Every structure is written in structure tokens, then in C-alpha cells.
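# Remarks on the overall topology
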Amino acid sequence: TSNSSSNSSSKKPPKPPLVFVLNLRENERRVLLSTLVGWGTPPDELPRIVTNESGQANERAALYARGGVFVITSRILIVDLLTGVASARDIEGMLVAHAERVCGEKSTEAFILRIFKSQKHYASFGATTTGGSSDGSNANYANSNGSIGSGRGGFVKA
């Protein structure tokens, strides 16, 4: 007899894409998480918050290898990209919140996006901005194809 046992029961679910969200303020992180929990998002699919208190580089590398959404500071992400803890080739998408605060080509966020785009044949990123309004009522966004739109606050998938 042939050994044709099915491996379908032993297959792992596909790894979620690796996505980074930059520049969220503390209160925005809380709102994001509480909204997703309210929508019934399973705990293992919630974004992970990465700060300077999130462990050593090897621990972050293990987290990134599993994929998922990471809300991270620009300072940590640029160090992780430059030291190889995170590879731009593995990143599927990036969202930069408060793009109005990203000042020119010399900003950390602009440097991150240049690294990201230089190492990917296909790069998906987005940016949100409140256009200077403090309440977010007239948010604008830009995505990787250069188009710009507007809407009421929130997050934009590029």
C-alpha cells in the first residue's frame, strides 16, 4: 500500500504579514486596541506594542518572525532595520501616522521608508495626517502609489 496519509491536519495556518505602524500616540494606541477588542479581534491577532521596554533585539526578532501588526517607535524600528533584527524584505506594509510631523527627507520616518522601498520590489505603505487640525476631523492620507485622499480620522490601508 502507498503511504498517502493526508497532511492537511498538520498544516500550520499561514503566517500573518509583517506590518509596522509608526507614530501613534499613547492614547491612539489605547483607542486602537480597545476598538479592535470591541470588534471581536482575537487576542493573538491584536497589534503588539513595541517600546523601549519591549525586550532585547533577539526577542523582537522572534516576534517579527511570527508576523503580525506592530505599533512601534521610529527609533526602535530604524535600529532594528540597520542591525538586521528586522528585514525590510520581510515587511509587507507600513503605516505612518501623523505624517504632518515628518519633516522632510532627514526625518527618521523618511529614512525608514527609503530603506523599506529600496529593499522591496513591491512596497506598500500609507500615511495619515490631520492636516494640522488637533481633533483629526479632516484627516488626509497618502499611499505608496502617490495618491492623496481625505476622510474623517482613522487608519488607511494602502
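Up top you'll find the structure we're talking about.
Presented here is a report on the structure given in the accompanying data block. (Residues numbered from 1 in each chain as written. Predicted model: local features only at pLDDT ≥ 70, side-chain atom pairs only at ≥ 80, totals over all residues. Heavy atoms only, no water.)

## As for the pairing of strand 1 (residues 18-22)
Buried residues dominate strand 1, accounting for 4 of its 5 residues. In this structure, strand 1 lies alongside strand 3 (residues 68-72), joined through 5 bridges in parallel fashion. Counterpart to Leu18 in the pairing with strand 3 is Gly68. With 5 bridges connecting them, strand 1 and strand 4 (residues 91-96) associate as parallel partners. Residue pairing for strand 4: Val19 is matched across the bridge by Gly93. (Buried < 20%, exposed > 50% of the residue type's maximum accessible area, 1.4 Å probe, protein only. Helix = DSSP H or I, 4+ residues; strand = E, 2+ residues; numbered from the N terminus. Pairing = 2+ DSSP bridges.)

## Thoughts on the packing of aromatic side chains
For the coordinates displayed, the defined rule picks out 3 aromatic pairs. Ring plane angle 85 degrees and centroid distance 5.2 Å describe the contact between Phe20 and Tyr64, whose orientation is recorded as edge-to-face. Placement of the pair is Phe20 in strand 1 and Tyr64 in helix 2 (residues 57-65), with a sequence separation of 44 residues. We classify Tyr64 as buried; its relative accessible area is 4%. Here Tyr64 and Phe70 contribute two aromatic rings whose centre-to-centre distance is 5.2 Å and whose plane-to-plane angle is 85 degrees, an arrangement assigned as edge-to-face. When sorted by exposure, Tyr64 lands in the same class as Phe70, which is buried. An aromatic cluster of three or more residues is present, and its members are Phe20, Tyr64 and Phe70. (Phe/Tyr/Trp six-rings, centres within 6.5 Å; stacked < 30°, edge-to-face > 60°.)

## Regarding the packing of helix 3 (residues 74-83) against helix 4 (residues 108-119)
The geometry of helix 3 relative to helix 4 is characterised by a closest axis approach of 10 Å and an angle of 35 degrees between their N-to-C directions. Judged by the sense of rotation from one axis to the other, the crossing of helix 3 with helix 4 is left-handed. Where helix 3 approaches helix 4, its residues Ser74, Leu77, Ile78, Leu81 and Leu82 are matched on the opposing element by Thr108, Glu109, Phe111, Ile112 and Ile115. Here the residues of the contact of helix 3 with helix 4 are counted per class, giving 7 nonpolar, 2 polar and 1 charged. (Axes fitted to C-alpha atoms, helices over the stretch in contact; angles between N-to-C directions. Left-handed = near helix turned anticlockwise from the far one by under 90°. Contact = heavy atoms within 4.5 Å. Nonpolar A, V, L, I, M, F, W, Y, C, P; charged D, E, K, R; others polar.)

## Here we look at the environment of Arg66
Looking at the element boundaries, Arg66 is found in the loop between helix 2 and strand 3. For Arg66, the residues in contact, after removing those within four places along its chain, are Lys15, Pro16 and Arg48.

## Quick look at the nonpolar core
Core analysis: the biggest nonpolar cluster contains 21 residues, and Phe20, Tyr64, Ile72, Leu77, Leu81 and Met94 have the highest contact counts within it. For this core, the elements supplying multiple residues, two or more each, are strand 1, strand 3, helix 3, strand 4 and helix 4. The residues contacting Leu81, other than those within four sequence positions of it, are Ala86, Ser87, Ala88, Ile91, Ile112 and Ile115. In this structure, Val21, Leu24, Leu46 and Ala97 belong to the second largest nonpolar core, which totals 8 residues. (Core = buried A, V, L, I, M, F, W, Y, C linked by side-chain atoms within 4.5 Å.)

## A few points about helix 3
Where helix 3 is concerned, the buried positions are Ser74, Ile76, Leu77, Ile78, Asp80 and Leu81. On its buried face, helix 3 is in contact with strand 1, strand 2 (48-50), helix 2, strand 3, strand 4 and helix 4. In the segment just after helix 3, Gly84 is the residue with positive phi, at about 85 degrees.

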